[in-house]
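Remarks on the overall topology
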Amino acid sequence: MTFAINLGLALLIGPLLAGIVRKVVRARVHSRQGPPITQPFYDLLKLLGKEDLQSVPSLVVQYAPLVAFASVLVAALLTPMGMRAPLGQYGDMIVFAYFVTIAAVAVVMTGLACASPYSMIGAGREIMMHLVVEPVLIICLITAAIKAGSLLMWDMAAWNYLNGPAPSMVVTAVVLFLALQAQVGKLPFDIPEADQEIMGGPFIELSGPKLAMFQWAFFARQVVYASVLAVIFIPWGLGFAFPWNVGAHLLKVIVLIVLVGVIDVVNPRLRIDQAMSYFFWVIFVAIVAMALALIGV
Amino acid sequence: MYDSAILALTLGVLTTGVIAAELRDLAASTWAYLVHSLFLAGTFAAFAIVTDSPQLYWWVLAAVLTKVIFIPLLLRWYITRHPAADLRPILSPRLSLVILAVLLIVFFKVVHTYMEFIGPTEAAIAEPGRSNLAVAFTVFAVGLYILVTRRDAVKNVIGICLLENGAHLSLVVLAATLPQTVLIGIATTIVISVWVLVYITSGVYQILGTPDTAKLSQLRH
Amino acid sequence: MAVIDLLIGALILLTVGAAVTALLAKWRAVCGYVAFLFVAVASVWVGVAAFHVLSTGSPLSGAPVLTIAPLNSSLVFTVDGLSAVFLLITSLVAVCATLFSVRYMLVYKHHSLIRYYPILLLFFASVISVVSVRNMLFFLVFWEFMTLASYVLVVFETDNPEARRAGLQYFIATHIASGCILLATILLYTYAPVKSFEFGALLEGTRVLMTTSPALVHLILGLFVIGFATKAGILPFGFWLPQAHPVAPSPFSAVLSGCMVKLGVYGLLVVFTSLTPLSHFTTVWGVWLAALGTISVFVASLTALQQTDSKRLLAFSTIGQMGYIWLGIGTGLALLRISPAVAVVALMAGLFHVVNHACFKSLLFLNAGAALYRTGTRDMDKAGGLMRIMPVTAAAAIVGSLAIAGVPGLNGFASKWLIFTSGIVGGLEIPLFVFLVVVAIFISAVTLAYYMKFVGILFLGKLHVGPEVERREVPVSMVVPQVFMGILCVAFGVLPMLALKYLYVAASGILPPGYSPPFASLFGNSALAVRLGLSGVHSAAWGPLAILVAFAGCLVLGYLISRMGGAQTREVPMWLCGEEHDFAEVRYPAHSFLLTFNEYFAKLYPSIPVPRLPRPAAILRLFDIDRWFYSPGLRWGERIIRAISATHAGYPQLYMLWMIVGAALAVIVLFSMGGGL
């Protein structure tokens, strides 16, 4: 049952949310109408039917999109979305962090395997962004783990729900929101893709179903990351009865993604070294929050 | 009276030994050695008369035969075939004299303080044995000194002989009752060694073209 | 025949094998196969003995082989749980490396193999002996054998000045380390109530010293730590490792990284569990070890990012991974008196990472060796895209890289996960560990980064090799060990409980009896999923099989969706904005890959307004013990030696002078010794 909920939220609501952001936020800011909110679905379907152009006959390029897709889905299955996660007893926060890492690895491997100079630059940037953003996620989750005394994500959420907002958890929530922007690859941090600079970066040689899989994986990834922030650090609505807890969760996710969208449309892109400086600051604040948690605040 | 005679003789031994060491002309050096050995035989004779022991007479005989006659002959054989001048020594004569004088004084002090350690025989503790012992040590030291500072091979041979003489002199005081066969054995050994040494020196000269022992440094490479 | 006799038999077999291969050295291929045969049989025997100990849980002991009565020591071969683990690792790595060597060493046409196979077999024999004795005297003897054998093998390419320099550095560093260990042992021996080198006797010595002179205990433990840290490659003592590993022949690099540096860990565990009673010393030193390990992880991994030489990158990576192991073991030791459950888990995590590292690091070195064999260069800027010609090697390399980076489903993740978990839960008691774990997790991502670089540049992408390179896979005898290790990586990753069961036997064996909580309470009852029960509740979980099944399911789902549209595939040339370029012109070289990150890290320290840390160069210089301690020491030693040798100038007079002086001194000394002559 929870399988369906998690997968549904990730796979189906993900593109829908992207569409909402595109129409409601971006188009409004640009003073235009914008496409219908189900446009992402149409795009995915179109891509699935297009020719698959291969410039490098490599197994890596053939399967990396599927790996990215599958790993994001597994991460979704590990995340409690309003209620216990279906695979929550089989994987804790470290497993979750590594699975989202696999998606990044898949992007990098694709970039490397394509061997186009643009894709290599994109792959390098993806790794560098990942290197500075992932610690933030880890530190925030560890902070929650310290407070909750357990590494299982549902335990963390439950603890936060029952024990109210601790100062360290509040700071951590803010920090994680700052990281969310880069995690979902939105401006000002969409450096690896950077359409205008390096023409899609790692994805330059992809088309058709491969591109569709990556895009769908990224839509789902948005939902997953937002869910982590929503369920653990903003525990409103966890105590509701089913299905209202899922609804509350969905609401939180929508709000978060809309906020992300707003920031996305009003900001230019940062350079990779600027982004890294920014994130070193974020890591520093996260460590401060963790220290606060360690001393019991 | 005998005491002063013995003392004079031993000093003569020492002086001629030093002269033999310092002289640059090898033939003259050999003559000096010969005289030195005569003094040595004289000392033995004096001790023989004083202590009235028959072995010491045999010693005199052995000394004369080997040291006065045989060894100088061997040295002469070598000198006639090879250049007769010693090469420049490593330390200058003046410095050598100073060092030897210092050594003499040191040995005198040692002998007069530590006699019980060195040789608690009657002959040794009493004069003239004691001073004789000091001189013997000095002669030994001269021999060593020659080996270390003189470069010509023949000079080194003379140095070895001086070494041996010093040892014999001390034997007179410390072990006067040594059977003569032992002494003859020792003397013969020395003679043979000198013979072999001269032979080797000859060979070295043939190979290296010089009797300079300081050049025997092929171990270096 | 007792099972322990298998071990002794293996040792004899290896020694005989060394002699036989020495005789056969001229016939290169035959020599290789014969060596492999000896090693294989010996490894099987050793493996059986080790497995027997791990499954029955009781140590094996043989009869004394040799006794030295005045020193109250006898050579008894004993295998306990910990030794069994290391024996298994050694036999695995030995078999794979020797099989790989058979064809690999044929490349060295001008070097005699007499310096390789016999020494290699003797090396394995000495490693097996090192972990099978419980007497410090024999431990040190076999340790020396091992060091000497490894030195000879490291400088195998005697015509390569880089190899000679690296070998010299290794020799000096490792002998200073042995010196430290020896000094510490002798200190303990002096204070032991029963004068013997047995571990038990030395333990009593430590116990006595703890009450009378605690500072001395710290000194002794410090000496031990320096000695074993040098061997394990922990910075700042392990500076020899990045020089020595690349220049050794590749199969031996695999053995060095896979087997020899682990003995530093073994020595450490022996010191802190068998030579030191459980006390506050263990706690203090545990924290220090963990911190030292984390520093190694941090510095070494960041340095590895910058490497373009494939084997040097792997060598730095080894230092980093050893840091992880020390982190785990340090956490375990520190928490032994505070929280036994977490401590046991942490120790097992460290041991598990030892096993896993042996698997994937030797695999990676064999991969690099295969690439070197085929292309003739270690420089990743010069050769790349080898997947085209070496698909199996490339696949194995991908498995190895993913394993070391800690991708879930492979063995690296299982042990790293345990280290992190025990570190975080342990951090509730000692907060420092949480920070160390954060650094370690960050570095895990860095590890991923440079392995992406390693695999990506070397194996993926378009082929970029010189024209003289043959376009085919390396020989079968070189592929089989890689595949075998790859399978092990996957097996331990998917079924970690299998390994954990046996590692529990090893860990509880070295702790006081009855100390460790029962296995089920720590790890749960399932054979397929690890459910850590620390602090009384289930606090962490990793069920590889379930997750991987889900992953596979999602893969299938993705595949079905992607096929849904019925898209056709078509080959096209690479898009370069519509221009035509020669591939070599637009190739993205290795050193550019993480350029910004590297540059960034160089500029990092001044730009963050935290307390001003000294610039990295100063820290690196401080860490470079070679530069400010060992090298000047060597230079001064040489000067002194030269001065002394001037006194033996070669001409006779001088020697005579020395003889006279010596005799005079002897006489004076004898006289002054009292009582006369």
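Note that the structure is a prediction, hence the values are computed from the model and not measured. (Residues numbered from 1 in each chain as written. Chains lettered and ligands numbered in written order. Predicted model: local features only at pLDDT ≥ 70, side-chain atom pairs only at ≥ 80, totals over all residues.)

1. Brief notes about the overall build of chain B
Cut-off, in case you're wondering: Each helix is a run of DSSP H or I of at least 4 residues and each strand a run of E of at least 2, with the numbering of both proceeding from the N terminus. Any residue whose C-beta has 12 or fewer other C-beta atoms within 10 Å is treated as exposed, any with 20 or more as buried, and any in between as partly exposed, C-beta atoms being built from the backbone. By the criterion used throughout, residues are in contact when their C-beta atoms, derived from the backbone, lie within 7 Å.
What chain B contains, in helices and strands, is nine helices and zero strands. Ordered by position in the sequence, the α and β elements of chain B form the string α-α-α-α-α-α-α-α-α. Going through the 221 residues of chain B one by one, you find that 40% of them count as buried. For chain B, restricting intrachain contacts to residue pairs at least 6 apart in sequence, the fraction spanning at least 24 positions comes to 74%.

2. A word on the overall build of chain A
Quick reminder of the rule: The globule rule used for comparison is 2.2 Å times the number of residues to the exponent 0.38, while the radius of gyration itself is calculated over C-alpha atoms.
When helices and strands are tallied, chain A shows eleven helices and one strand. Along the chain direction, N to C, the helices and strands of chain A fall in the order α-α-β-α-α-α-α-α-α-α-α-α. Rg of the C-alpha trace for chain A: 19 Å, near the compact-globule value of 19 Å for 297 residues, within the 12% margin. Along the first, second and third principal axes, the C-alpha set of chain A runs to 55 × 45 × 40 Å. Burial analysis of chain A (297 residues in total) assigns 63% to the buried set. Here the analysis covers contacts within chain A between residues at least 6 apart in sequence; of these, 80% occur between residues at least 24 apart.

3. A few points about the arrangement of the chains
The interface with the most contacts, out of two pairs of chains in contact, is the one formed by chains A and C. A minimum C-alpha distance of 59 Å separates chain A and chain B, which share no contact.

4. Topic: the interface of chain A and chain C
Let me state the cut-off plainly: Gly is placed with the polar residues, together with every amino acid not listed as nonpolar (Ala, Val, Leu, Ile, Met, Phe, Trp, Tyr, Cys and Pro) or charged (Asp, Glu, Lys and Arg). When DSSP finds two or more bridges between a pair of strands, those strands are recorded as paired.
Between chain A and chain C, the residue contacts involve 66 residues of the former and 63 residues of the latter. Counting residues per element, the ones that place at least two in the side of chain A that touches chain C are α2 (39–49), β1 (52–54), α3 (59–78), α4 (93–114), α5 (117–148), α9 (208–233) and α11 (272–294) of chain A. Sort the elements by how many residues they give to the side of chain A that touches chain C and α5(A) lands first, with 14 residues. Residue classes in the side of chain A that touches chain C are distributed as 44 nonpolar, 15 polar and seven charged. Bridging between β1(A) and strand β7 (residues 569–571) of chain C involves three bridges; their strand directions are parallel.

5. Focus on the environment of S168(A)
As for its position among the elements, S168(A) is in helix α7 (residues 167–183). Excluding residues within four positions of it along the chain, S168(A) makes contact with T143(A), A289(A), L292(A), A293(A) and V297(A).

6. Describing the environment of A527(C)
Residue and element names in this part refer to chain C. On the secondary structure map, A527 appears in the loop between α20 (519–523) and β5 (530–534). Judged by local crowding, A527 falls into the exposed class, with 11 C-beta atoms found within 10 Å. Expressed as a C-alpha distance, the spacing of A527 and P496, which sit 31 residues apart in the sequence, is 8.6 Å.

7. Observations regarding the confidence of the model for chain B
As a reminder of what qualifies: Per-residue confidence from the predictor is reported as pLDDT, which spans 0 to 100.
Summary statistics for chain B give a mean pLDDT of 75 and a share of 79% for residues scoring 70 or more. Of all helices and strands in chain B, the one with the weakest mean pLDDT is helix α6 (residues 122–125) of chain B (59), whereas helix α2 (residues 26–51) of chain B scores best (83).

8. What about α7(A)?
At 3.6 residues per turn, the α-helix brings residues three or four places apart onto the same side. All names here are of chain A. Where we set the bar: A helix is expected to reach a length of 1.5 Å times the quantity of its residues less one.
In this model, α7 (17 residues) spans 24 Å end to end at C-alpha, consistent with the 24 Å of a helix rising 1.5 Å per residue. Extensive coverage of α7 is indicated by the burial of twelve of its 17 residues. Restricting attention to buried positions, one finds in α7 the residues S168, M169, V171, T172, A173, V175, L176, A179, L180, Q181, A182 and Q183. Where the residues of α7 are buried, they touch α5, α6 (153–163), α9, α10 (244–266) and α11.

9. Re the nonpolar core
Formally: Joined through C-beta atoms within 7 Å, a set of buried Ala, Val, Leu, Ile, Met, Phe, Trp, Tyr and Cys residues constitutes a nonpolar core. The source of the domain bounds is an automatic or database domain assignment.
Judged by nonpolar contacts, the single largest core of 373 residues is most densely connected at V136(A) and M348(C). For this core, the element with the highest residue contribution is helix α14 (residues 340–375) of chain C, accounting for 24 residues. Structurally, this core is a two-domain feature, drawing no fewer than three residues from each of domain 1 (1–277) and domain 2 (301–552) of chain C. Core analysis: the next-biggest nonpolar cluster, separate from the first, contains 54 residues, I6(B), L75(B), I146(B) and V148(B) among them.

10. Concerning helix α25 (residues 652–672) of chain C
For α25(C), with 21 residues, the first-to-last C-alpha span of 30 Å sits near the 30 Å given by 1.5 Å per residue. Counting buried positions along α25(C) yields zero of 21 residues, so the element is predominantly exposed.

11. Some details on the packing of α4(A) against α5(A)
Packed helices, taken two at a time, are described by their axes: the angle between them and the distance between them. Residues and elements named next belong to chain A. Applicable threshold: Interaxial angles span 0 to 180 degrees and are taken between N-to-C directions of axes, which are lines fitted to C-alpha atoms, for helices over the stretch in contact. Angle categories: roughly parallel below 35 degrees, roughly antiparallel above 145, roughly perpendicular from 65 to 115, and oblique for all the rest.
Contact pair α4 / α5: the axes reach a minimum separation of 9 Å and the direction vectors enclose 175°. By the angle between their axes, α4 is roughly antiparallel relative to α5. Contact residues: α4 offers M93, A97, T101, A104, V107, V108, G111, L112 and C114, while α5 offers S119, M120, G122, A123, E126, I127, H130, E134, L137, I138, L141 and A145. Counted by class, the contact of α4 with α5 contains 14 nonpolar, five polar and two charged residues.

12. Brief notes about the packing of helix α3 (residues 81–104) of chain C against helix α18 (residues 476–494) of chain C
Residue and element names in this part refer to chain C. As a reminder, the rule being used: Note on convention: the crossing is left-handed when the near helix lies turned anticlockwise from the far helix by less than a right angle, right-handed when the turn is clockwise.
Running from N to C, α3 and α18 point in directions that differ by 155°, and their axes come no closer than 7 Å. Between α3 and α18, the angle falls in the class roughly antiparallel. Pair α3 / α18 crosses with left-handed handedness. Of the residues in α18, those touching α3 at C96, L99, F100, V102, R103 and Y104 are S477, M478, V480, P481, F484 and M485. Residue classes in the contact of α3 with α18 are distributed as ten nonpolar, one polar and one charged.

13. A word on unusual backbone geometry
Residues and elements named next belong to chain A. Here L187 and P188 are connected by a cis peptide whose omega angle stands at 0°. Mapped onto the secondary structure, P188 falls in the loop between α7 and α8 (195–198). Residue P243 follows F242 across a cis peptide bond; omega there is 0°. Mapped onto the secondary structure, P243 falls in the loop between α9 and α10. The phi angle at S31 is positive, at roughly 55°, despite the residue not being glycine. Along the chain, S31 falls in the loop between α1 (2–29) and α2.

14. Here we look at the environment of S277(A)
Residues and elements named next belong to chain A. Mapped onto the secondary structure, S277 falls in helix α11. What makes S277 partly exposed here is the crowd of 18 C-beta atoms within 10 Å. Between the C-alpha atom of S277 and that of A85, which follows or precedes it by 192 residues, the distance is 35 Å.

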